[in-house]
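# Commentary on secondary and tertiary structure
These are the residues of each chain, in order.
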Amino acid sequence: MSRQELNELAVSLASDQAALAEQRNFEIRGGPRRQAKADHGRPLLTAADKVLIAIVYLRQICSQRVLSEMLEISQPPIGQAVTETGKLLAAHKLKIDPTVPRFTSAGALRDL
C-alpha cells in the first residue's frame, strides 16, 4: 500500500473513527456531554496512525506488544485502534491479507 493510498484510506475512515470515539466516550460517561465539544489537546493517535497500526497488525507483521514497544505507548490505545479500525475496514468491505514475515520483537522489526 502506497503512502497516498494509506492517506486516502485514513481520510475516508476519519469521520467514522470520530463517530466511534464519540460513541465510546458517551458510554464511558453514561450520557451526553455536559459542556460543548472543544479541542482538549492533541489525541495520542491520529486517524492515519490508527489506520496504519490496524493494517500492520491485521497483516500479522507483528503483535500489539511489539507495536506498543516500537511506538512507546501502552497497549490499550493500540488495541482500541485495531478493534475500531478493523470494524470500519470490514464495514467498508476492505480485506487486509496477512504477510509471511512475522516479527516477534521491536528490535527485529527496526533492524529490517
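Anyway, here's the lowdown on the structure attached to this text. (Residues numbered from 1 in each chain as written. Predicted model: local features only at pLDDT ≥ 70, side-chain atom pairs only at ≥ 80, totals over all residues. Heavy atoms only, no water.)

A count of helical and extended segments in the chain gives five helices and zero strands. Principal axes of the C-alpha set define a box for the chain whose edges measure 50 × 30 × 20 Å. Among the 112 residues that make up the chain, the fraction classed as buried is 31%. Accessible surface, the chain: about 7,700 Å² in total, of which carbon and sulfur atoms supply 55%. Of the side chains in the chain, 15 bear a positive and 12 a negative charge, and the two mean positions are spaced by 4 Å. (Helix = DSSP H or I, 4+ residues; strand = E, 2+ residues; numbered from the N terminus. Buried < 20%, exposed > 50% of the residue type's maximum accessible area, 1.4 Å probe, protein only. Areas by Shrake-Rupley, 256 points an atom, 1.4 Å probe, with all protein chains shown as cover. Lys, Arg positive; Asp, Glu negative; His and termini not counted. Charge placed at Lys NZ, Arg CZ, Asp CG, Glu CD.)

Here we come to the layout of surface pockets. The calculated volume of the second largest pocket comes to roughly 170 Å³. Lining the second largest pocket, in full, are Leu45, Asp49, Leu52, Ile53, Val56, Cys62, Leu67, Met70, Leu71, Ile73 and Leu109. Among the elements of the structure, helix 2 (47-58) and helix 3 (64-71) are those that each provide at least two residues to the lining of the second largest pocket. No other element matches helix 2, which puts four residues into the lining of the second largest pocket. (1 Å grid on protein atoms, 1.4 Å probe; cavity = no way out; pocket = protein on both sides within 12 Å on 5 of 7 lines; lining within 4 Å. Points joined across faces, edges and corners; volume = space filled by probe spheres on them.)

Axis separation between helix 1 (residues 3-29) and helix 4 (residues 75-91) bottoms out at 10 Å; the angle between their running directions is 120°. Judged on the interaxial angle alone, helix 4 and helix 1 are oblique. The element helix 1 and its partner helix 4 pack so that their crossing is right-handed. On helix 4, the residues that touch Leu9, Leu13, Asp16, Gln17, Leu20 and Arg24 of helix 1 are Gln80, Glu84, Thr85, Leu88 and Leu89. (Axes fitted to C-alpha atoms, helices over the stretch in contact; angles between N-to-C directions. Parallel < 35°, antiparallel > 145°, perpendicular 65-115°, else oblique. Left-handed = near helix turned anticlockwise from the far one by under 90°. Contact = heavy atoms within 4.5 Å.)

Bringing the pattern of salt bridges into the picture now. By the definition in use, this model includes four salt bridges. Between Arg29 and Glu22 there is a salt bridge, with its nearest N and O atoms 3.4 Å apart. A relative accessible area of 34% places Arg29 in the partly exposed class. Taking the shortest distance from any N to any O, the salt bridge between Lys95 and Asp97 comes out at 2.8 Å. (Salt bridge = Lys/Arg side-chain N within 4 Å of Asp/Glu carboxyl O.)

The next thing to look at is unusual backbone geometry. One non-glycine residue with positive phi stands out, namely Glu72, at about 55°. A relative accessible area of 72% places Glu72 in the exposed class. Of note, the phi angle at Lys93 is positive, near 60°, even though the residue is not glycine.

Any functional reading would require information that these geometric values do not contain.
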